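Architecture and fold: a report
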Amino acid sequence: MRELTFTAATREALTERMAVDPSIFVMGEGIGPRGGNFGTTLGLYEKHGPLRLCDTPIAERGFVGLACGAAMTGARPIVDFMFLDFILDSVGEIFNQIAKMQYMSSGRLKMPVILRGCIGIGSSAATHHSSSYYSVFAHVPGLRVIVPSNPHDAKGLFRTALRSDDPVLFLEHKNILHLKGPVPDESDEYTIPFGLANVARVGRDVTVVSLGLMLRRALEAAEKLAGEGISVEVIDLRTVAPLDMPTVLTSLKKTGRILVVDETFAPFGVGAEVIAQVNERGFDDLDAPPARLNGAHTPTPYSPTLEAAVVPSFDAIAQAIRDVVAA
Amino acid sequence: MRELTFTAATREALTERMAVDPSIFVMGEGIGPRGGNFGTTLGLYEKHGPLRLCDTPIAERGFVGLACGAAMTGARPIVDFMFLDFILDSVGEIFNQIAKMQYMSSGRLKMPVILRGCIGIGSSAATHHSSSYYSVFAHVPGLRVIVPSNPHDAKGLFRTALRSDDPVLFLEHKNILHLKGPVPDESDEYTIPFGLANVARVGRDVTVVSLGLMLRRALEAAEKLAGEGISVEVIDLRTVAPLDMPTVLTSLKKTGRILVVDETFAPFGVGAEVIAQVNERGFDDLDAPPARLNGAHTPTPYSPTLEAAVVPSFDAIAQAIRDVVAA
Amino acid sequence: MQVIRQTEEALARSHQAGLIHGACHTYVGEEAIAAGVCAHLTHDDALFSTHRGHGHALAKGVPPRELIAELFGRVTGCSRGRGGSMHLFSPEVGMMGTSGIVGPCILQATGAGYTFKLLGKPHVGVAFFGDGASNNGAFHEGLNLAAIYQLPTIFICENNQFATEIAITYATRNADIWTKAASFGMPGVCVDGNDSVAVWQAAGEAIARARSGGGPTLIECKTYRTRAHAEGMRDGGYRSAEDVEKWKARDPIKMLAARMPQEQAEFAAIEADVKALVEEAVAFAKASPYPDGITATEHIYA
Amino acid sequence: MQVIRQTEEALARSHQAGLIHGACHTYVGEEAIAAGVCAHLTHDDALFSTHRGHGHALAKGVPPRELIAELFGRVTGCSRGRGGSMHLFSPEVGMMGTSGIVGPCILQATGAGYTFKLLGKPHVGVAFFGDGASNNGAFHEGLNLAAIYQLPTIFICENNQFATEIAITYATRNADIWTKAASFGMPGVCVDGNDSVAVWQAAGEAIARARSGGGPTLIECKTYRTRAHAEGMRDGGYRSAEDVEKWKARDPIKMLAARMPQEQAEFAAIEADVKALVEEAVAFAKASPYPDGITATEHIYA
Ligand SMILES: Cc1ncc(C[n+]2csc(CCOP(=O)(O)OP(=O)(O)O)c2C)c(N)n1
Ligand SMILES: Cc1ncc(C[n+]2csc(CCOP(=O)(O)OP(=O)(O)O)c2C)c(N)n1
Ligand SMILES: [Mg+2]
Ligand SMILES: [Mg+2]
């Protein structure tokens, strides 16, 4: 199969869809002639012009609110934040308006808005360019929250987002954006539904649940542990809201042990929610306490030595898996 | 002991402290001559004038950012949002600036800001006047998050907040604000530290962890269940960040069963975090799956019939306790 | 204006009677603005408003019975009982929603203008908001975006002099809000908000310009609310009784009537018709059922 | 200006050499502004800046070695390696911080003004921000708050014509940012941002007024950055090479030198001194240790 980067994969989905759906437009800083800070819209301005590839002033709250009103009246806006950190000034528009609009209107308005941005710690981007707020957005009813770990999934999930009538947070880890992976030909119109996790590796002894960059690191750790005789099943959540617990629980039934590996903060995070649901729906399958491994609960430091210390490393993941197996 | 409302209790703490600390000032809409929408600052304008009781335009982001800069330069701002819902436009200032300022400056700046607002569902306030985002704020490092359940605690915790060099979210449920409870005389300078839960009722059979309005409802349910021969221990978290897990775990060791009752959303919420920590640190004490009971995962509807349906009722709490005991 | 006035007065009475469960901000004294602007709009034009939105909903075509039923929390309300006073939705007539949060309607109307321009439709987006909202960042960002993209969006600032109890002269050192349009290179207009004909004229020009690709306009309507900020709230201390009386004398309904002395009979007939309409609407609302609690979590997702 | 220029050039070279791990936005071409403003400030005045903050930190008194070490990620950096280019803190000299987010510095400087007014101190808060920030809601809310409370805060808008690659003439229909002060009833001033004397004069007046209770001022400095938005980024497409050359000819250092032809020797001596200073600073930074990973979670709470 051909190989594409994340960015090329989602750009293909966007290009394809913009050609057939004139209600789609993209807003953001530098997504016009420049093609996006990360190349998310490269080449599209030349095709569709400034109304559909709309460069904006630095007014995140403003253009998110604009996107809300546009979606209420029949357009399909995509807001491209480059770094997700810049979303915070628009949280009022997202929590109080976008997430609630379908509900407040008793389903008479739809809210087909995609909010995309890159997340994650790495490259000394420092604390204002390293955040991943997916747990925060998943706490709030009304939003879909997507965190792909490979280009294939990114494309399939982005295609679903482009057809969704719900608001979607589409979040890609900046340190894997440029990595290539197999993606089917353009003629293959596969989509991936929200709320369907992927069993990224089949194993017997322990279930590791992860997402995004950490999923990839967990897969590497699983590979290494295979050499030690530990058989690790790795589940890629792919979407944080909805959360595919049936897939997790099926795996747990087999392995009896579970570890959630997540780059972001532990408190009130993905691990907490997965573990709470495991307790509710799979307690009797547990042969050991369910565990989580997270990045440190701290703002992100700049210096490479500090930065490396706040993210779960390959070694820390491998050790956490061994610990769960031994527990 | 004399009885005061929540509002009177925190106002006493504020009055007392403003008299001795000239760096304290309050900002908000209507907290000047009007004395606050909920009476939080009644009588203080007459004493201290417009600079220390500062009425604002409707510019939540602006005055939260102002408070941040004021705290960086030696003042102690208190931002009074009336309804916490109005905080959302200032989330960028809170997450990226206020919460990170001490860290970014390597501890050379302090951040003594209090952000207060009322929370909770009730009185058909509808979806823009009913939110409680404590789980969201507790996910982010750098913030203290306080949710008192009675006037005594409100005063003691507010006193601590008034001396804290960390940013504090001080959140009071609007449906209990006006309720009276015993509060020691003004001469009693008690404070309550952050991160210390309160065993609100001693019991044997099951631990119920709660906070805010739900804590009171849980206590009532416990009372009723005592008549059914079920002995319920009720723990009032009081602060969501930090979370006092030692108190919870000590209780669990005794009872072997635990239920978290919380008005707000289950996913990525207080119950999830408490249960995850119970799994990590008290798994062997569990005689039954730890459980949680939450409000519905939905925007808040207006009509009383709908509104009542989205909050855990007295009956639902009692039944959930019975279920955990029977499990 | 009669529909708005009489519905509001019925709502105020109903609030006192305990029939309204949540907040209720009336529009009494400001009716000329909604009436004057909405006279130019069709159901395809998109209106966005804020906490004081009853008048806008009615002027845009929401029947009084649906508005009253909504405030009574009934399933027959325009938001099916989910919304209440501050969350009025009737997309069928282009009433795209009110908000309990000050600010967003400005941005959403800008977004509606964006859709209409993108899809080549001749409609306009209209935002109604108070003087209080003009000091909010949403005003700055929304007006600027509408200006640079030259969107068909009309910004109606209802300057009733106060945000709750905070005077606009306290909240800004430049209380001529229309002059702020200059920051965005946008036309700014000031009208007497109690003069329905003046509002109608100014709105007509701005809307015609917007429909023909001439971009957005900010219209400041100087007005006054003659009831308390919200029903049940005190209304003293921050403004004088004389001021209230002075403005009551400038009642927009009376002002229109005074303008057309030959039409007194017509006005009286309208008043009587509306009285019957509103009475029927209250009865309808009272008789309507509450929504079933089991439906409380419907419509969160598409 | 020499300290800023030469430090920035050293940083640009270091970036190419891989010594800087994260972003690096240089201030080359805009030095006259920081120099002209900060000449009026003491360490008790509070300065707040944004992603392009090296020049402000240096002008406020942060030694080049601490700035360079910070960008090299060393523990001897002004933020102890926690911050990097966009998070420069040195409260000891009144450098209260830069931010990777556009906008907050405007509000924080307003807050500093509030503290100084509240506590009766004669200091000022100063915000430096770009043209891009002027379209953000923080500009509207911050300037309005400073105006209504008459705070001792100075707003320095560095209009270098672009926000990354977006021209200010695209991002607003009124690119004369100083005129927007009128919305807030605040004095607005426009100066040639490449003329250090003109900046120095305008800032001096505004700061003196602020210190004596006369309230805030907005000063727009028209200028240009002559390097790419950030080191390592392309710099084509959105602006012409001729424009860059035209502005290079208006180099603020050369302009000052041209003004005082009799001081050539002095200027040359300064240039040489600074060269030595910056070389020493780079060496110091290179020799400094990285922070210990174990300290990564310190200082989150007081
Ligand atoms: C963001 C936000 N902050 C505060 C409030 C509380 N609030 C409700 S109405 C109001 C005053 C609004 O004043 P204005 O915009 O002038 O409208 P008016 O009530 O005068 O029609 C305030 C502060 C709110 N609804 N939203
Ligand atoms: C809120 C926010 N949105 C977007 C960005 C990304 N960004 C960084 S610098 C920049 C351009 C800033 O332009 P301007 O304010 O004119 O400053 P200049 O770089 O020209 O000095 C942008 C958009 C950001 N840092 N913060
Ligand atoms: Mg008003
Ligand atoms: Mg610029």
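Structural notes, computed from the coordinates. Fair warning: this is a prediction, and the values are worked out from it, not measured in the lab.

How each quantity is defined
Residues numbered from 1 in each chain as written. Chains lettered and ligands numbered in written order. Predicted model: local features only at pLDDT ≥ 70, side-chain atom pairs only at ≥ 80, totals over all residues. Heavy atoms only, no water. Core = buried A, V, L, I, M, F, W, Y, C linked by side-chain atoms within 4.5 Å. Buried < 20%, exposed > 50% of the residue type's maximum accessible area, 1.4 Å probe, protein only. Contact = heavy atoms within 4.5 Å. Donors = N, O, S within 2.8 Å, 3.2 Å for Na, K, Ca; no water. Helix = DSSP H or I, 4+ residues; strand = E, 2+ residues; numbered from the N terminus. Salt bridge = Lys/Arg side-chain N within 4 Å of Asp/Glu carboxyl O. Buried area = accessible area lost by both parts, 1.4 Å probe. Polar contact = N/O pair within 3.5 Å; in protein donor to acceptor, adjacent residues only side chain to side chain. Near = heavy atom within 4 Å. Areas by Shrake-Rupley, 256 points an atom, 1.4 Å probe, with all protein chains shown as cover. Nonpolar A, V, L, I, M, F, W, Y, C, P; charged D, E, K, R; others polar.

1. Here we look at the nonpolar core
Of all hydrophobic cores here, the largest spans 311 residues; its most connected members are Phe129 of chain C together with Phe129 of chain D. Every residue in contact with Phe129 of chain C, bar those within four places of it in the chain, is listed here: Thr50, Cys105, Ile106, Phe139, Phe155, Ile156, Cys157, Glu158 and Leu218 of chain C. Ranked by size, the runner-up nonpolar core spans 46 residues in total, among them Ile4, Leu19, Leu88 and Val124 of chain C.

2. Description of the coordination of the magnesium ion (ligand 4)
Residue and element names in this part refer to chain D. The coordination sphere of the magnesium ion (ligand 4), as far as protein atoms go, consists of Asp131 (OD), Asn160 (OD1) and Phe162 (O), spread over 2.0 to 2.1 Å. All donors of the magnesium ion (ligand 4) belong to a single chain; written as a sequence motif, their spacing is D-x28-N-x1-F. Of the two residues, Asp131 sits in the loop between β3 (125-130) and α6 (137-148) while Asn160 sits in the loop between β4 (153-159) and β5 (162-163), which places them 29 residues apart along the sequence. Residue Asp131 is classed as buried on the basis of its relative accessible area, which comes to 1%. Its relative accessible area of 6% is what places Asn160 among the buried residues.

3. Points about the coordination of the magnesium ion (ligand 3)
Residues and elements named next belong to chain C. Only Asp131 (OD), Asn160 (OD1) and Phe162 (O) from the protein reach the magnesium ion (ligand 3) as donors, at distances of 2.0 to 2.1 Å. Donor residues for the magnesium ion (ligand 3) sit on one chain with the sequence pattern D-x28-N-x1-F. One exposure class covers both Asn160 and Phe162, and it is buried.

4. Quick notes on the pattern of salt bridges
A full pass over the atoms with the stated rule returns 67 salt bridges over all chains. Close ionic contact of Arg322 of chain A with Glu228 of chain A constitutes a salt bridge, the shortest N to O distance being 2.8 Å. Taken together, the residues Arg322 of chain A in helix α12 (residues 314-326) and Glu228 of chain A in the loop between α8 (212-227) and β11 (232-236) connect sequence positions 94 residues apart. On the accessibility criterion, Arg322 of chain A (23% relative accessible area) is partly exposed. When its relative accessible area of 39% is taken as the criterion, Glu228 of chain A is described as partly exposed. For Glu31 of chain D, the salt bridge identified is with Arg5 of chain D, shortest N-O distance 2.6 Å. In this pair, Glu31 of chain D is assigned in helix α2 (residues 31-38) and Arg5 of chain D in helix α1 (residues 2-16), connecting sequence segments 26 residues apart. Neither residue differs from the other here; Glu31 of chain D and Arg5 of chain D are each classed as buried. Through salt bridges with shared partners, one network takes in Arg2, Glu12, Lys155 and Asp185 of chain A.

5. Points about the interface of chain B and chain D
With 44 residues of chain B in contact, the opposing surface of chain D contributes 42 residues. Summing the contributions of chain B and of chain D, the shared interface buries around 3400 Å²; its carbon and sulfur component is 64%. Note that Glu92 of chain D is salt-bridged to Arg108 of chain B, the shortest N-O span being 3.1 Å. If you look at where chain B meets chain D, you find 19 residue pairs in polar contact (both at pLDDT 80 or more).

6. Details of the site of ligand 1
By nearness alone, 19 residues border ligand 1, and Glu60 of chain B together with His51, Arg52, Gly100 and Phe162 of chain C come closest of all. The environment of ligand 1 is shared, with nearby residues belonging to chains B and C. A distance of 2.8 Å separates a nitrogen atom of ligand 1 from a polar backbone atom of Gly100 of chain C. A total of 580 Å² of accessible area belongs to ligand 1 in isolation, and the protein chains cover 96% of it. Here the shell around ligand 1 is built from residues that sort into 8 nonpolar, 7 polar and 4 charged.

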